[in-house]
Amino acid sequence: MSARQRTVGIPLETMDIPVSPEPPKFGSDVTMSPFQSSSKFRMDIPMSPAPEVRNGMDILMSPDQGSKVNMDVPMSPAGQGAAAVELVSDPWDEELISSLLSKLSTPLTSQPNFITWQCKVPSIAPKMTIKMGKGSLRVDCVLGQGAFATVYQATDLNTSEKMILKVQKPANPWEFYINSQLNARLQPSVRHLFNNIHSAHLFQNGSVLLGELYNCGTLLNAVNLYKNLSDKVIPQPLVIYFTVCILHMVEQLHNIHIVHADIKPDNFLLGERFLENKSFDQDNLDHGLSLIDLGQSIDMTLFPEGTAFTAKCTEMQSGRPWNYQTDYFGIAGTVYCMIFGTYMQVTQEGSVWKTNAVFRRNPHSDLWTEFFHTLLNVPDCSSLPCLRSLRSRLSTVLQQNYSNKLPSLKTRLVIQVLESRTARR
Ligand SMILES: Nc1ncnc2c1ncn2[C@@H]1O[C@H](COP(=O)(O)OP(=O)(O)O)[C@@H](O)[C@H]1O
Ligand SMILES: [Mg+2]
């Protein structure tokens with residue numbers, strides 16, 4: 001079973017549990033198994049199944065399952081005109097992940113902020129105080145629940161610093177590994193665009209990641225805020241603005257050979273910078289949007305150059321080899337959700353994949369149609385679209401039409417975000 005298919009529910013209990021860690025045992029604490037040749041093989045490419053049309057959904061619920069309805073991403077048959085590709089079946093295969101972690105030149109267990117405990121995950125629930133190592137953390141509230149983990153807000157009682165606890169069963173050391181690669185490979189000036197994990201606590205049956213808190217909600221929350229307003233959806237200038245930011249972020253990640261593999265509106269968070277920033281420049285890095293949840297990410301540097309995957313993840317039901325395409329699909333789905341306030345569905349017309357978008361009175365219908373066409377119709381792994389040129393087209397439209405409108409539209413959104421934050425407390 002691939003890691004993506006796991007859904008975890010964690011019962012919440014209220015109690016104080018002090019636990020202290022065993023000293024880390026190098027190399028022996030993460031379950032590791034030898035590389036299985038069966039998890040990596042060459043194979044014939046199955047043909048895409050007939051697209052199945054399901055109903056769209058009007059109310060956006062966070063997170064997951066609903067966002068992945070009736071999807072299939074087209075790619076041309078393998079090998080056509082492309083350099084010989086190495087095919088790997090499932091990049092999330094548990095044995096493959098264990099094997100990759102066991103072969104790291106610097107084992108995770110040698111990092112001082114990767115702490116292994118010889119006990120089960122402590123109960124964690126709002127109002128509890130938990131002791132981890134030196135610090136005492138008060139659990140404030142549940143921030144969100146994804147398909148894999150429950151995320152809590154916590155406060156360090158010594159420093160008053162607020163943070164998140166991402167609690168996941170079984171343990172997910174991979175997200176910590178990807179985080180360490182972001183630290184090593186990203187320029188410091190763009191590091192804040194991605195989730196920052198301070199430390200990982202690995203227990204026998206689960207993990208707790210301590211990380212940075214973004215306290216202005218998700219992009220999905222922002223989409224939903226407009227449903228109660230006369231606009232009903234995010235105004236076009238802001239959609240284009242956020243799209244420019246998103247393209248920039250994913251470009252940075254792909255530049256360091258990391259595929260996020262779970263791009264969607266509830267994995268983009270708005271942080272404090274979003275409230276403060278007044279610049280709408282396309283290269284401005286203080287926009288306050290951060291991409292979180294790198295638990296399913298793929299480090300392409302751990303595979304031979306040109307590796308493509310054949311696992312059927314929800315986006316790639318066609319079974320054609322893919323690598324970065326899953327993120328293009330994620331960007332398309334996220335932008336679609338901002339434009340329409342509903343989840344994207346795609347269908348195939350002839351050999352062309354289209355969204356169910358109907359652009360009534362949208363001043364940029366041609367731009368968006370081409371945008372979705374580009375992201376959904378990637379010919380093969382060696383003909384990937386250029387995110388930078390997509391971004392610069394959108395950025396030109398933004399500057400030519402909306403530079404004077406953006407500040408007031410953003411101020412209105414900031415007020416909505418602050419009001420909903422107050423209401424949550
Ligand atoms: N750093 C964070 N700051 C604030 N909220 C967060 C943070 N990380 C996660 N969340 C909330 O928790 C939800 C689930 O977190 P996520 O890391 O995406 O878990 P999963 O791997 O289960 O999808 C997010 O959609 C968001 O609402
Ligand atoms: Mg998530």
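Up top is the structure these notes are about.
For the structure given in this document, a descriptive report is provided here. Quick caveat: nothing in here was measured; it's all calculated off a predicted structure.

1. So, the coordination of the magnesium ion (ligand 2)
- Surrounding the magnesium ion (ligand 2) are the protein donor atoms Asn267 (OD1) and Asp293 (OD), which sit 2.2 to 2.4 Å from the metal. Taken together, the residues Asn267 in the loop between strand S10 (258-259) and strand S11 (268-270) and Asp293 in the loop between strand S12 (289-291) and strand S13 (298-299) connect sequence positions 26 residues apart.
- Judged by relative accessible area, Asn267 falls into the buried class, the value being 5%.

2. Quick word on helix H7 (residues 365-376)
- An ideal rise of 1.5 Å per residue puts 16 Å on 12 residues; H7 measures up with 16 Å between its terminal C-alpha atoms.
- All buried positions along H7 are accounted for by Leu367, Trp368, Phe371, Phe372, Leu375 and Leu376. When H7 is viewed along its axis, its buried side chains cluster within an angular range of 145° and face the same direction.
- Residues of H7 that are buried sit in contact with helix H4 (236-255), helix H6 (325-340), strand S15 (346-349), strand S16 (352-355) and helix H8 (387-402).

3. Quick look at the environment of Thr243
- Summarising the element assignment, Thr243 is placed in helix H4.
- Classification of Thr243 by relative accessible area gives buried; the value is 0%.
- Setting aside anything within four residues of it in sequence, one finds Thr243 in contact with Val335, Met338, Trp368, Phe371 and Leu394.

4. Topic: the packing of H4 against H8
- Where H4 meets H8, the closest approach of the two axes is 9 Å, and the angle between their N-to-C directions is 155°. Considered as vectors, H4 and H8 are oriented roughly antiparallel to each other. Considering only the axes of H4 and H8, their crossing is left-handed. On H8, the residues that touch Gln236, Pro237, Ile240, Tyr241, Thr243, Val244, Leu247, His248, Val250, Glu251 and His254 of H4 are Leu387, Arg388, Leu390, Arg391, Leu394, Ser395, Val397, Leu398 and Tyr402.
- A per-class count over the contact of H4 with H8 returns 12 nonpolar, 5 polar and 3 charged.

How each quantity is defined
- Residues numbered from 1 in each chain as written.
- Chains lettered and ligands numbered in written order.
- Predicted model: local features only at pLDDT ≥ 70, side-chain atom pairs only at ≥ 80, totals over all residues.
- Heavy atoms only, no water.
- Donors = N, O, S within 2.8 Å, 3.2 Å for Na, K, Ca; no water.
- Helix = DSSP H or I, 4+ residues; strand = E, 2+ residues; numbered from the N terminus.
- Buried < 20%, exposed > 50% of the residue type's maximum accessible area, 1.4 Å probe, protein only.
- Expected span 1.5 Å × (residues − 1).
- Arc of directions from axis to C-beta.
- Contact = heavy atoms within 4.5 Å.
- Axes fitted to C-alpha atoms, helices over the stretch in contact; angles between N-to-C directions.
- Parallel < 35°, antiparallel > 145°, perpendicular 65-115°, else oblique.
- Left-handed = near helix turned anticlockwise from the far one by under 90°.
- Nonpolar A, V, L, I, M, F, W, Y, C, P; charged D, E, K, R; others polar.

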